[in-house]
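Residues per chain are reported as follows:
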Amino acid sequence: MATTTRRRAKPAENAAPEPTQEELLHYYKEMLLIRRFEEKAGQLYGMGLIGGFCHLYIGQEAVVVGMQAAQLPGDSVITSYRDHGHMLACGMDAKGVMAELTGRAGGYSKGKGGSMHMFSREKNFYGGHGIVGAQTPIGTGLAFAHKYKKDGCIDVCYLGDGAVNQGQVYESFNMAALWKLPVIYVIENNKYAMGTSQQRASAGELYLRGSAYGIPGKQVNGMDVLEVKKAADEAVAYVRGGNGPMILEMKTYRYRGHSMSDPAKYRTKEEVNKMRSEYDCIDHLKSLLFTKGYADEESLKVIDRDVKAVVTEAADFATTSPEPDASELWTDILVEA
Amino acid sequence: MPIDILMPALSPTMTEGKLAKWVKKEGDTIKAGDVIAEIETDKATMEVEAVDEGTLAKILVPEGTENVAVNTAIALLAGEGESASDVSAAKGASNTPSAPKTEPAQGEAAVTPKEEASKAAPAAPAVKAPVAPPPSDEDRFFKNTQTMTVREALRDAMAEEMRKDGSVFVMGEEVAEYQGAYKVTQGLLQEFGPDRVIDTPITEHGFAGLAVGAAFGGLRPVVEFMTFNFSMQAIDHIINSAAKTLYMSGGQMGCPIVFRGPNGAAARVAAQHSQEYSSWYAHIPGLKVVSPYSAADAKGLLKAAIRDPNPVVFLENEILYGHSFEVPTDPDFIIPIGRAKIERAGTDVTITAFSLQVGMALAAADKLAEQGISAEVINLRSIRPLDVHTIVESVKKTNRLVSVEEGWPFAGIGAEMSAVMMEHAFDYLDAPVVRVHGKDVPMPYAANLEKLALPQVDDVVTAAKAVLYR
């Protein structure tokens, strides 16, 4: 059987090369794209152009951008319903994502999936899952398929601090550890499962939730893209090296409500404002770029304009793409053999 | 041009709300993402964030205003190079709500799905005349047969497909070293090794989800539930993950997977271990559901299920595992999913059944023959898609239908049969459909009660005579 030999990523501790100007600017642009995209999605929702549930990723951008930077082509990604950022980070087209949000024919799922259900085989993005925790065994199964096919790839399976209390997560941890499956479980701990804080829902530390299964876990500052990238490099090397799964708990924060209709009664405005003003991942990287002399106000403005153009184009496409043809009601129920 | 800031909706059902508070005031510089105002409904409050940059030129709706309609302009934002006074001069202090702004651009104003929703959906295929089942040449394979049990036929089907396709693997509790809790996977571990015949922990929800992920990842899992009673632990993945993802992905994410195992009552294991799931799974668009009777059914249908690009729920029966039937020896023998089989031709009454109940129906047909009644027995084999064509053609001839199933009556397969008759054979019926089914109670343990709870041959005979008014 032909097996692909892959260059094993070096653990960051050994090498820890300084991120280049190009890399830092790439992270900045990716994070900004997600933020501007989500702000636009919020606006379109407010105008009634996006319906149903819409879970925005604003505040958490560093997690997915840092993780994605450590992956190789072919690695699969799966997540829950707060998924727009993951899709953009995987390289999916902003137009197709936004058009799915507006339920149009040009959307990734032809308008039949919506915000929580989008996929791209081409970009190895396996959804977009609406049932809390359900992506965890599915992601573990994607890792199983990587191992079965010996393709040298890994799966990155995101789950929230709410999902970690679902039983199927531990069923997955057990099998992943037993069978040494190549999967990184990225727990995006944004402190609130809907309106229930971690303290009120979860006993113990989340990064230790795999310890009984012998799964190493690490807590990471998820508001800093460079710390995320460093932890991701180590985890990717460990997992790709055939050592079995690993858990990364990303301490992060969502600025917006759980979904669009959020009473905002479960946390204080002061808390949200403090996170936004003191810990914002984009502001943080911006200062770093200035300090290192890698960018100035003018050069970042160019990036801002580029990002804005992508988002505007996506919104235009999403509002002008036609609704799916009525005949689509009856397609894609079964694969015709 | 100044930009209108519109009253946003908190939810698709919201039409108006209260503008509770202005966080920014006229003249303030605004960056994208800044909170500019707060709005309230009886359900929730929300912060309105700016999407565009500029200067808050004019507040059009003062704070504290109730019943502000969604998409009303609540403020004007002056862009770069515009001054607040320009805006005031141009727009005046009008409080008149202006039309939804630039998104989506001009003219072709926002056509919301709601406005379009009045368009009639195309008629459901279900109301069309029943289509003929997929063609099959299965009969020609019966020239050369061998006698084997249902258990052996299932094992051979898996082994043949595993030899043919390296992406097929079997997983479940006790499928490998134990050789199968009911010995269905006997010998597979020895032939295919532990990478393809995988013992799982007792973790149905987890391994069903894992197998769905493996199917998304390009493999063809055959998942054994020790019995289908335990599939309820996993039903979220069978329905939400396996059955619906193709649709939700616009056709990208097929899920070629088989969930198989014994279904229904075995003997004396009481309510939690004696449940029949055909109508549960047949309810779901995106699933195929098959339930074999004979060893030939078992082999031909399981091979078809493994080759099928869709999720297939394959409902076996523990009591049938040890029953022997003639099975074609040709490895190319396959039964396409969606074809019923006329097990016994007759003219006076049609009896439909599946799985173990086919044997019950055949025994009843023998008894009816003794009384001069010619019953036609249809082995459904495939529950979804249902071979409506074969059933309707039979009823056109007999004008009477008895539906037999082991499961409960409410919303069961017999209820579906009745609906099929109403839709497709109403004018051919000479009597109302009669359903024979398990009694509408949890399965009792006591031997006498268990027997009372399950359909018996005499129940089928009585039903057939009832529709014949005899």
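No experiment lies behind these values; they were computed from the predicted model shown. (Residues numbered from 1 in each chain as written. Chains lettered and ligands numbered in written order. Predicted model: local features only at pLDDT ≥ 70, side-chain atom pairs only at ≥ 80, totals over all residues.)

Caption draft 1: Spotlight on the overall build of chain B. Of the regular secondary structure elements, chain B holds 14 helices and 22 strands. Burial analysis of chain B (470 residues in total) assigns 51% to the buried set. Of the contacts formed within chain B by residues at least 6 apart in sequence, a portion of 74% connects residues at least 24 apart. (Helix = DSSP H or I, 4+ residues; strand = E, 2+ residues; numbered from the N terminus. Buried ≥ 20, exposed ≤ 12 C-beta atoms within 10 Å, placed from the backbone. Contact = placed C-beta atoms within 7 Å.)

Caption draft 2: Looking closely at the overall build of chain A. The number of helices and strands found in chain A is 12 helices and 8 strands. Relative to its length of 337 residues, chain A is compact, with a C-alpha radius of gyration of 20 Å against a globular reference of 20 Å. Considering only C-alpha atoms, chain A reaches an extent of 60 × 50 × 45 Å along its principal axes. Within chain A, buried positions represent 57% of all 337 residues. The long-range share in chain A, meaning contacts at least 24 apart out of those at least 6 apart in sequence, stands at 77%. (Rg over C-alpha atoms; globule rule 2.2 N^0.38 Å.)

Caption draft 3: View of the sheet that holds strand β3 (residues 29–30) of chain B. Residues and elements named next belong to chain B. Judged by pairing direction, the sheet is antiparallel, and its 4 strands sit side by side in the order β1-β8-β6-β3 without closing on themselves. Each having just a single partner strand, β1 (3–6) and β3 make up the two edges of the open sheet. Taken together, the 2 bridges between β3 and strand β6 (residues 54–59) define a ladder with antiparallel strand orientation. Bridge pairing in β6 links I30 to G54. (Pairing = 2+ DSSP bridges.)

Caption draft 4: Structural view of the nonpolar core. By size, the foremost hydrophobic cluster in this structure holds 231 residues, and its most contacted members are I184(A), V186(A), I351(B), V402(B), V460(B) and A464(B). Tallying contributions element by element places helix α2 (residues 21–46) of chain A first for this core, with 10 residues. In contact with I184(A), other than residues within four places in its own chain, are I154(A), V156(A), C157(A), A235(A), V236(A), V239(A), M246(A) and L248(A). (Core = buried A, V, L, I, M, F, W, Y, C linked by C-beta atoms within 7 Å.)

Caption draft 5: Examining the UniProt feature "domain: Dehydrogenase E1 component" (unreviewed entry) in chain A more closely. UniProt tags residues 30–326 of chain A as "domain: Dehydrogenase E1 component" (unreviewed entry). As a span, residues 30–326 of chain A carries 44% helix and 12% strand, and end to end its C-alpha atoms are 36 Å apart. (UniProt positions renumbered as here; feature names shortened; annotations may be inferred.)

Caption draft 6: Representation of the packing of helix α6 (residues 135–149) of chain A against helix α5 (residues 204–216) of chain B in the model. Packing of α6(A) against α5(B) leaves a shortest axis separation of 6 Å and a crossing angle of 50°. As far as their axial angle goes, α5(B) and α6(A) are oblique. α5(B) is crossed by α6(A), and the crossing has right-handed handedness. When α6(A) is examined against α5(B), the residues P137(A), I138(A), G139(A), T140(A), G141(A), L142(A), F144(A) and A145(A) are found in contact with a partner set consisting of G206(B), G209(B), L210(B), A211(B), V212(B), G213(B), A214(B) and F216(B). (Axes fitted to C-alpha atoms, helices over the stretch in contact; angles between N-to-C directions. Parallel < 35°, antiparallel > 145°, perpendicular 65-115°, else oblique. Left-handed = near helix turned anticlockwise from the far one by under 90°.)

Caption draft 7: Broad picture of the environment of C54(A). Residue and element names in this part refer to chain A. Relative to the helices and strands, C54 is located in the loop between α2 and α3 (61–69). Here the alpha-carbon distance between C54 and S259, two residues 205 residues apart in the chain, equals 5.5 Å. Those residues in contact with C54 that lie beyond four places of it in its chain are A41, Y45, L101, S115, S259 and M260.

Caption draft 8: Main features of the sheet that holds strand β3 (residues 155–160) of chain A. Residues and elements named next belong to chain A. If you walk across this open sheet you meet the 6 strands as β2-β1-β3-β4-β8-β7, and the pairing is parallel. Two strands lie at the open edges of the sheet, namely β2 (125–128) and β7 (217–221), each paired on one side alone. Recorded for the sheet is a direction-independent mean angle of 20° between the axes of neighbouring strands. In terms of strand pairing, strand β4 (residues 183–189) meets strand β8 (residues 246–251) through 6 bridges, oriented parallel. Within the sheet, the bridge partner assigned to I184 lies in β8 and is M246. Lying over the sheet, helix α9 (residues 225–240) contacts β4, β7 and β8, oriented at roughly 170° with respect to β8.

Caption draft 9: Here's a closer look at helix α7 (residues 167–178) of chain A. Helix length check: α7(A) (12 residues) gives 17 Å between terminal C-alpha atoms against 16 Å at 1.5 Å per residue, within 8%. For α7(A), every residue scored as buried is listed here: Q168(A), V169(A), E171(A), S172(A), F173(A), M175(A) and A176(A). On its buried face, α7(A) sits against α6, β3 and β4 of chain A together with α5 of chain B. Among the residues trailing α7(A), K180(A) stands out with phi positive, at a value near 50°. (Expected span 1.5 Å × (residues − 1).)

Caption draft 10: Just the interface of chain A and chain B, in detail. Listed as interface residues are 62 residues of chain A and, on the opposing side, 62 residues of chain B. Counting only elements with at least two residues in the side of chain A that touches chain B, the list comes to α2, α6, α7 and α12 (297–320) of chain A. Its residues assigned to classes, the side of chain A that touches chain B comprises 26 nonpolar, 24 polar and 12 charged. (Nonpolar A, V, L, I, M, F, W, Y, C, P; charged D, E, K, R; others polar.)

Caption draft 11: View of the environment of A411(B). All names here are of chain B. With respect to the helices and strands, A411 occurs in the loop between β21 (401–404) and α12 (413–424). Judged by local crowding, A411 falls into the exposed class, with 12 C-beta atoms found within 10 Å. Through-space distance from the C-alpha of A411 to that of R140 is 37 Å; in sequence the pair is 271 residues apart.

Caption draft 12: Just the environment of L44(A), in detail. Assignment of secondary structure puts L44(A) in helix α2. For L44(A), a count of 24 C-beta atoms within 10 Å gives the class buried.

Caption draft 13: A look at the packing of helix α5 (residues 94–101) of chain A against α12(A). Residue and element names in this part refer to chain A. Contact geometry of α5 with α12 gives a least axis separation of 8 Å together with a crossing angle of 45°. Relative to α12, the element α5 lies oblique. Of the two elements, α5 crosses α12, and the hand of that crossing is right-handed. Two secondary-structure elements touch here, α5 through A94, K95, M98, A99 and L101 and α12 through V310, V311, E313, A314, A315, F317 and A318. Residue classes in the contact of α5 with α12 are distributed as 10 nonpolar, no polar and 2 charged.

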